[in-house]
Amino acid sequence: MTVFSKLLYGSLYAKAYDWVKIVDNSSTSKTIGLAGLVREEIMSAPCETSVLFPTNGGNIHSFTALTPCAILDVLTPPYSDDLGRPSTYFSDSPIHSLPGNSTNDYYILGFTY
């Protein structure tokens, strides 16, 4: 799914993640339950429309209102359980013990379907 998000008014805190891909000996990519932080910012209207792509750019994302606000989120194609695009919620847990992860750039994501 590609997500277009436009903050219409107010301000919010946005976090976005991408799955971390690993490559095995056969050179095929696999997605594991590890996500890398792509974006963490406070957004205030007016601001640019953000675009989140299916495999990079922070498609796994969350918004937290800091003031009364409204955001227009356009998802394409839409959610569909039958086609493998369920609507889900997640919680994130930073991983502090990975080498080179002093800034908490990696998280384990737990999903609720």
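Residues numbered from 1 in each chain as written. Predicted model: local features only at pLDDT ≥ 70, side-chain atom pairs only at ≥ 80, totals over all residues. Heavy atoms only, no water.

Going by an unreviewed UniProt entry, the chain carries the name cysteine dioxygenase and comes from Trema orientale. Of the chain, the UniProt comment under Cofactor (unreviewed entry) reads exactly: "Fe(2+)". UniProt annotates the chain under Sequence similarities (unreviewed entry) with the comment "Belongs to the cysteine dioxygenase family." (UniProt positions renumbered as here; feature names shortened; annotations may be inferred.)

**Q** Would you mind going over the overall build of the chain with me for this structure?
**A** Assigned secondary structure in the chain consists of 0 helices and 8 strands. If you list the helices and strands of the chain from N to C, you get β-β-β-β-β-β-β-β. Counting only residues that meet the buried cut, the chain has 24% of its 113 residues in that class. Counting contacts in the chain only where the partners sit at least 6 residues apart, residues at least 24 apart contribute 66% of the total. For the chain, the accessible area works out to roughly 7,200 Å², and carbon and sulfur atoms hold 56% of it. (Helix = DSSP H or I, 4+ residues; strand = E, 2+ residues; numbered from the N terminus. Buried < 20%, exposed > 50% of the residue type's maximum accessible area, 1.4 Å probe, protein only. Contact = heavy atoms within 4.5 Å. Areas by Shrake-Rupley, 256 points an atom, 1.4 Å probe, with all protein chains shown as cover.)

**Q** Please explain the sheet that holds strand S1 (residues 2–9) as it appears in this structure.
**A** Remark on secondary structure: sheet strands pair via backbone hydrogen bonds, oriented parallel or antiparallel. Ordered by their spatial adjacency, 3 strands build an open sheet running S4-S1-S6, and the pairing between neighbours is antiparallel. Both edges of this open sheet fall to strand S4 (50–52) and strand S6 (70–76), since each of them pairs with a single strand only. Here the strands of the sheet are splayed against their neighbours by 20° on average, with no regard to which way each runs. Bridge analysis of S1 against S6 gives 7 bridges, and the strand direction is antiparallel. (Pairing = 2+ DSSP bridges. Axes fitted to C-alpha atoms, helices over the stretch in contact; angles between N-to-C directions.)

**Q** Just checking my understanding: could you explain the side chain of Ser80 for this structure?
**A** Its location among the elements puts Ser80 in the loop between S6 and strand S7 (89–94). Polar side-chain contacts of Ser80 include one of 3.2 Å to the backbone nitrogen of Leu83. (Polar contact = N/O pair within 3.5 Å; in protein donor to acceptor, adjacent residues only side chain to side chain.)

**Q** Explanation requested: the environment of Tyr106 in the structure shown.
**A** Here Tyr106 is to be found in strand S8 (residues 106–112). Between the C-alpha atom of Tyr106 and that of Val38, which follows or precedes it by 68 residues, the distance is 9.6 Å.

**Q** How should the side chain of His61 be read in this particular structure?
**A** Mapped onto the elements, His61 comes out in strand S5 (residues 60–65). Overall, His61 belongs to the buried group, its relative accessible area being 19%. Discounting chain neighbours no more than four positions away, the residues touching His61 are Val3, Lys15, Ala16, Leu52, Asp73 and Phe90.

**Q** Could you clarify how one ought to interpret the environment of Leu12 in this entry?
**A** The residue Leu12 is located in strand S2 (residues 11–23) in this model. Sequence spacing of Leu12 and Phe63 is 51 residues, and the spatial spacing of their C-alpha atoms is 6.4 Å. Setting aside its immediate chain neighbours within four residues, Leu12 contacts Leu7, Glu41, Ile42, Met43, Phe63, Thr64, Ala65, Leu66, Cys69 and Ile71.

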